[in-house]
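Read off the chains here:
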Amino acid sequence: MRELLGERRVAPSILSADFGRLGSQVEEVMAAGARVIHFDVMDGHFVPPITIGPLVLSGIADQVHAAGGALDVHLMIETPERQIEEFAKAGADSITFHAEATPHANRTLGAIRELGCLAGIAINPGTPVETVAELRGVADLVLCMSVNPGWGGQPFIESTPDKLERLLPLVGPAPIEIDGGVDAKTDGPLAAAGAHLFVAGSAIFKTSDPAASYLDIAAAAGAS
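For the structure given in this document, a descriptive report is provided here. (Residues numbered from 1 in each chain as written. Predicted model: local features only at pLDDT ≥ 70, side-chain atom pairs only at ≥ 80, totals over all residues. Heavy atoms only, no water.)

## Things to note about the sheet that holds strand S6 (residues 141-145)
So, point 1. Spatially, the eight strands line up as an open sheet ordered S1-S8-S7-S6-S5-S4-S3-S2, and their pairing is parallel. Strand pairing shows two members of the sheet lacking a second neighbour, strand S1 (9-12) and strand S2 (36-42), which therefore form its edges. Looking at each pair of strands side by side, their axes are set apart by 25 degrees on average, direction ignored.
So, point 2. As judged from the four bridges shared by S1 and strand S8 (residues 195-200), these two strands associate in the parallel manner. (Pairing = 2+ DSSP bridges. Helix = DSSP H or I, 4+ residues; strand = E, 2+ residues; numbered from the N terminus. Axes fitted to C-alpha atoms, helices over the stretch in contact; angles between N-to-C directions.)

## Focus on the environment of Phe205
So, point 1. Tracing the chain through its elements places Phe205 in helix H8 (residues 202-205).
So, point 2. Phe205 gets classed as buried once you look at its relative accessible area, which sits at 6%.
So, point 3. Linking Phe205 and Asp18, residues 187 residues apart in sequence, is a C-alpha distance of 7.6 Å.
So, point 4. Setting aside residues no more than four positions away along its own chain, Phe205 makes contact with Pro12, Ser13, Ile14, Ser16, Ala17, Gln25, Val29 and Pro210. (Buried < 20%, exposed > 50% of the residue type's maximum accessible area, 1.4 Å probe, protein only. Contact = heavy atoms within 4.5 Å.)

## Considerations on the nonpolar core
So, point 1. The biggest cluster of nonpolar side chains holds 65 residues, and the ones touching the most others in it are Ile95 and Leu167.
So, point 2. Considering every element that reaches this core, the biggest residue donor is helix H9 (residues 210-221), with five residues.
So, point 3. Ignoring sequence-local partners within four residues, the contact set of Ile95 consists of Val73, Leu75, Ile84, Phe87, Ala88, Ile112, Cys117, Leu118, Ala119 and Gly120.
So, point 4. Ranked by size, the runner-up nonpolar core spans ten residues in total, among them Val36, Leu118, Leu141 and Val199. (Core = buried A, V, L, I, M, F, W, Y, C linked by side-chain atoms within 4.5 Å.)

## Looking at helix H2 (residues 22-31)
Since one α-helical turn is 3.6 residues long, residues separated by three or four positions face the same way.
So, point 1. Those residues of H2 lying buried are Leu22, Gln25, Val26, Val29 and Met30. Down the axis of H2, the buried set is contained in an arc of 135 degrees. They therefore lie on one face. Of the residues in H2, the exposed ones pointing more than 90 degrees away from the buried face are Glu27 and Ala31.
So, point 2. Looking at the buried residues of H2, the elements they touch are S1, S2, helix H3 (54-66), H8 and H9.
So, point 3. Just past H2, the residue Gly33 takes up positive phi, approximately 125 degrees. (Arc of directions from axis to C-beta.)

## Digging into the packing of H2 against H9
So, point 1. Two elements in contact, H2 and H9, have axes whose closest approach is 8 Å; the angle formed by their N-to-C orientations is 40 degrees. Between H2 and H9, the angle falls in the class oblique. H9 is crossed by H2, and the crossing has right-handed handedness. Where H2 approaches H9, its residues Gln25, Glu28 and Val29 are matched on the opposing element by Pro210, Ala211 and Tyr214.
So, point 2. Taken together, the residues of the contact of H2 with H9 break down into four nonpolar, one polar and one charged. (Parallel < 35°, antiparallel > 145°, perpendicular 65-115°, else oblique. Left-handed = near helix turned anticlockwise from the far one by under 90°. Nonpolar A, V, L, I, M, F, W, Y, C, P; charged D, E, K, R; others polar.)

## Observations concerning the pairing of strand S4 (residues 94-98)
So, point 1. Counting buried positions along S4 yields five of five residues, so the element is predominantly enclosed.
So, point 2. Where burial is concerned, the two faces of S4 agree: the one with Ser94, Thr96 and His98 and the one with Ile95 and Phe97 are both buried.
So, point 3. Relative to S4, strand S3 (residues 70-76) is paired through four bridges, and the arrangement is parallel. Pairing of His74 across the sheet is with Thr96, part of S4.
So, point 4. Between the parallel pair S3 and S4, the chain is carried across by helix H4 (residues 84-90), and the sense of this crossover is right-handed.
So, point 5. Where S4 meets strand S5 (residues 118-123), five bridges bridge the pair, whose relative direction is parallel. Within the sheet, the bridge partner assigned to Ile95 lies in S5 and is Ala119. (Right-handed = clockwise from strand over helix to strand, strands pointing away.)

Next comes the structure, spelled out in structure tokens:
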């Protein structure tokens, strides 16, 4: 995963995939070149919806790893420190949680690393970028939400590139991941503002040709 984060990448989010044929859809985007698969977890508390958990993760882990890919888990849940071990066991390569979801961000980042995963910290659109400043050197990646978390297919928040420019000097060497409303129109300005990893869900899996959509977004972002 660390090597993949050294390259600009588009990470298809399976939140928008057809779960009746999840394996084949993952195979389709990986055949097109995707190597980071984004896995959104929601608990019905931190955000209203409930989505998927470790059992689904374990169901695709071997497939993703066999193809040379990595699983990027994004926990949109309360008290994430209680769940990180189960996701690590299920095959996560990186685990990102929200700064707003726990008062123990530093400790939780350390615990994720001890489990053998890369550790990421996420912030919501209304959270100041300075929130992550004290975690410089502790977080392996920083995720900036460009929509309010909870649902796929939301419109992109236009002020996000400006926020990324303010975030960039605070994170040190950690790559910035962007999540929400990412498509071939928005990822160019996001890349110019400093984003390195682009999470795209609806713009890939809600189209008639997910592989072609992935390639279009990757090309617009200048991604591998």
